[in-house]
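Breakdown of the fold
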Amino acid sequence: MALSEAFLCLNPMILSKSGANFGKQRNLGLAEFHYSLRRSRNRIKSNGFWSAGCCSTDIKNRTKRSSCFLRCKCQKADSVNGLTADHGIPASLSGKDSRKSVEEEAWDLLKESVVYYCGNPIGTVAASDTSSSSILNYDQVFIRDFIPSGIAFLLKGEYDIVRNFILYTLQLQSWEKTMDCHSPGQGLMPASFKVRTVPLDGDDSVTEDVLDPDFGEAAIGRVAPVDSGLWWIILLRAYGKCTGDLSVQERVDVQTGIKMILKLCLADGFDMFPTLLVTDGSCMIDRRMGIHGHPLEIQALFYSALLCAREMLAPEDSSADLIRALNNRLVALSFHIREYYWIDMKKLNEIYRYKTEEYSYDAVNKFNIYPDQIPHWLVEFMPARGGYLIGNLQPAHMDFRFFSLGNIWSIVSSLATVDQSHAILDLVEAKWSELVADMPLKICYPALEGQEWRIITGSDPKNTPWSYHNGGSWPTLLWQLTVACIKMNRPEIAEKAVMLAERHLSRDKWPEYYDTRRARFIGKQSRLFQTWSIAGYLVAKLLLANPSAAKILINEEDSEIVNAFSCMLSANPRRKRGRKRFKQPFIV
Ligand code: GLC
């Protein structure tokens, strides 16, 4: 790109520079452009060309781009966060107005969590808890954590931050990142990023903002953020639906970004199942919790992202193969999950009487599940009315734990059938004291204890029974629960949960999670002023006040998938045996 072209694309908002010695912001002229062919391996520098709406047209351009970098105003984090220097207490809680409603307080806190890049809002920090001795990476913008923030801003009519987030994180996608000598697949989105203000090329008096992404190569346990790209697609669709501005999803670089995520997820591998095969800790649960393989949360997000992407992809010849692969995967995935992950009293009884070691095409017990695996707790837990999708399915192994996000998002995305969706909500109601108790919502049920905890978590002291990922309760899950309840026309369940949360959240300073079976204690190592706890509550409130807005997140049941599904069902050996009769129009 020529310099003059680059200039035309510049966003005037970022034509400024600052530094410790520059008290005032001032505008730059053309002569002060810093046009550079430098390439940073680890960081995206403030890049005026891109942020202003110009787009690169292919992957090569995006990953091996020579960029024109701009100096820009570096906003100081503490002034942005609105934190008082003395006490580390967010300004909104400094006692100026103690009559504020919980909702007003939440909005103030959410706004204070906003992170700026070159003067533009770009995301929200994970937590603003300055009382905590170790910040770790909670001062970063996490992709998954930003989703409820982004939805809250969209519902409030504040679109810029979401647009910026979508476009800048796209810029981070597939930037060369390595762990030791290995690079993850192209199309991977980072787990999080940080805006750093650094001296500009040896000149200590001038600074510039750089975006520093983490693809898991710095994260504790080096976990791959598989869910990031899926959430990114879901947010992109929500942005278009809410604002009516389809120009973002239609951009060439955004279309390329969608395709790169899809290609990474749809790539052929060694797997026999249509579910996405991932490593442990590759989603919201980002520590070892025995969810490697085909965890439900990832499958629900995958399904949702496939549907959202299909809606947004421009129909063009070059995408035909990708769209075909996507359609095939949708059918196979929904069949697989609905059939094999579903349990209720009837199915449990079937598993209890399973024959094993069936070598044949028409085996009933396809995965060779030994009935002894049915855990004792499940016999008590399963209500007469209700059911749920299990956490994971592998050869000879069913992970019977109930994972909230996976089940809820299966409702939202229509991965679960209508009957299954109602049954999941029936179960939430029937098991209220186990799953909701004093604070919605338990991340999974039950907790791993004793020898099982030692073997599966590796004796993780943060994931002790009924804490954190191991049966802890996460207020952020309120928003997803609310969307699911609204979709099934049962908002009263979410209302009850929100009322409960409202009693504690503000008083407890918006913790990240709660501990104990009934969620009675603030989590042992829980951060306070956790942004997605705040945003999750706000989204739940906003949606309950205006349920039709939930449409921006919901995927309605697709009639083509239903047809293909019933076709597969009639060919299912459990109903009809024999491989020869298996005729269906889809390649699965
Ligand atoms: C923890 C959570 C993860 C979240 C991050 C930032 O690592 O497990 O889901 O994204 O904190 O809040």
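A brief look at the structure comes next. Remember, it's a predicted structure, so these values are computed and weren't measured experimentally. (Residues numbered from 1 in each chain as written. Predicted model: local features only at pLDDT ≥ 70, side-chain atom pairs only at ≥ 80, totals over all residues. Heavy atoms only, no water.)

1. Considerations on the overall build of the protein
- On a plain count of helices and strands, the protein comes out with 22 helices and 18 strands.
- Counting only residues that meet the buried cut, the protein has 60% of its 588 residues in that class.
- A separation threshold of at least 6 residues defines the contact pool for the protein, and within that pool the share at least 24 residues apart is 73%.
- In the structure as shown, the protein presents an accessible area of about 24,600 Å², 52% of it carried by carbon and sulfur atoms. (Helix = DSSP H or I, 4+ residues; strand = E, 2+ residues; numbered from the N terminus. Buried < 20%, exposed > 50% of the residue type's maximum accessible area, 1.4 Å probe, protein only. Contact = heavy atoms within 4.5 Å. Areas by Shrake-Rupley, 256 points an atom, 1.4 Å probe, with all protein chains shown as cover.)

2. Remarks on the side chain of Arg-401
- Within the secondary structure, Arg-401 is located in the loop between β14 (397-399) and β15 (402-403).
- Other than its neighbours up to four places away in sequence, Arg-401 contacts Met-289, Gly-290, Ile-291, Trp-377, Tyr-388, Ile-390, Gly-391, Tyr-445, Pro-446 and Leu-448.

3. Points about the site of the ligand
- Around the ligand sit Ala-126, Tyr-138, Phe-142, Arg-144, Asp-145, Met-284, Asp-286, Tyr-468, His-469, Glu-512, Gln-530 and Trp-532, and that is every residue in its neighbourhood.
- His-469 places a side-chain nitrogen or oxygen 2.7 Å from an oxygen atom of the ligand.
- Within the side chain of Gln-530, one N or O atom sits 2.9 Å away from an oxygen atom of the ligand.
- For the ligand, whose unbound accessible area comes to 310 Å², protein coverage reaches 96%.
- Put simply, the ligand lies in the largest cavity. (Near = heavy atom within 4 Å. Polar contact = N/O pair within 3.5 Å; in protein donor to acceptor, adjacent residues only side chain to side chain. 1 Å grid on protein atoms, 1.4 Å probe; cavity = no way out; pocket = protein on both sides within 12 Å on 5 of 7 lines; lining within 4 Å. Sits in = over half its atoms within 2 Å of the grid points.)

4. Quick word on the side chain of Arg-490
- Topologically, Arg-490 is positioned in the loop between α19 (477-487) and α20 (491-504).
- On the basis of relative accessibility, which here comes to 12%, the residue Arg-490 falls in the buried class.
- Among the polar contacts made by the side chain of Arg-490, one reaches the side chain of Glu-429 at a distance of 2.9 Å.
- Once residues lying within four places of it in the same chain are set aside, the contact partners of Arg-490 are His-422, Leu-425, Asp-426, Glu-429 and Cys-485.

5. Digging into the pairing of strand β10 (residues 203-214)
- Within β10, ten of the twelve residues are buried, leaving the element largely enclosed by the surrounding structure.
- The pairing of strand β9 (residues 192-200) with β10 spans nine bridges and is antiparallel. Bridge pairing in β10 places Leu-200 opposite Asp-203.
- In this antiparallel pair of consecutive strands, β9 and β10, the connection spans two residues, and Asp-201 shows a positive phi of 40°. (Pairing = 2+ DSSP bridges.)

6. Points about the nonpolar core
- Counting residues in hydrophobic clusters, the biggest one holds 167 residues, and the most contacted among them are Trp-232, Ile-258, Tyr-388, Phe-400 and Trp-409.
- The dominant element in this core, judged by the number of residues it contributes, is helix α11 (residues 296-312), at twelve residues. (Core = buried A, V, L, I, M, F, W, Y, C linked by side-chain atoms within 4.5 Å.)

7. Observations concerning the packing of α11 against helix α15 (residues 404-412)
- Between α11 and α15, the shortest axis-to-axis distance is 7 Å and the interhelical angle comes to 25°. Our classification of the angle between α11 and α15 gives roughly parallel. Crossing hand, α11 versus α15: left-handed. The residues of α15 that touch α11, namely those facing Leu-296, Glu-297, Ala-300, Leu-301 and Ser-304, are Leu-405, Gly-406, Asn-407, Trp-409 and Ser-410.
- When grouped by side-chain class, the residues that make up the contact of α11 with α15 number five nonpolar, four polar and one charged. (Axes fitted to C-alpha atoms, helices over the stretch in contact; angles between N-to-C directions. Parallel < 35°, antiparallel > 145°, perpendicular 65-115°, else oblique. Left-handed = near helix turned anticlockwise from the far one by under 90°. Nonpolar A, V, L, I, M, F, W, Y, C, P; charged D, E, K, R; others polar.)

8. Re the packing of aromatic side chains
- On inspection of all chains with the given rule, the structure shows 20 aromatic pairs.
- When the centroid spacing of 6.0 Å and the interplanar angle of 90° are considered together, the rings of Phe-335 and Tyr-340 count as edge-to-face. In this structure, Phe-335 and Tyr-340 share a single accessibility class: buried.
- Centre to centre, the rings of Trp-409 and Trp-479 are 5.7 Å apart; their planes meet at 65°, and the pair counts as edge-to-face. In this pair, Trp-409 sits in helix α15 while Trp-479 sits in helix α19, placing the two residues 70 residues apart along the sequence. (Phe/Tyr/Trp six-rings, centres within 6.5 Å; stacked < 30°, edge-to-face > 60°.)

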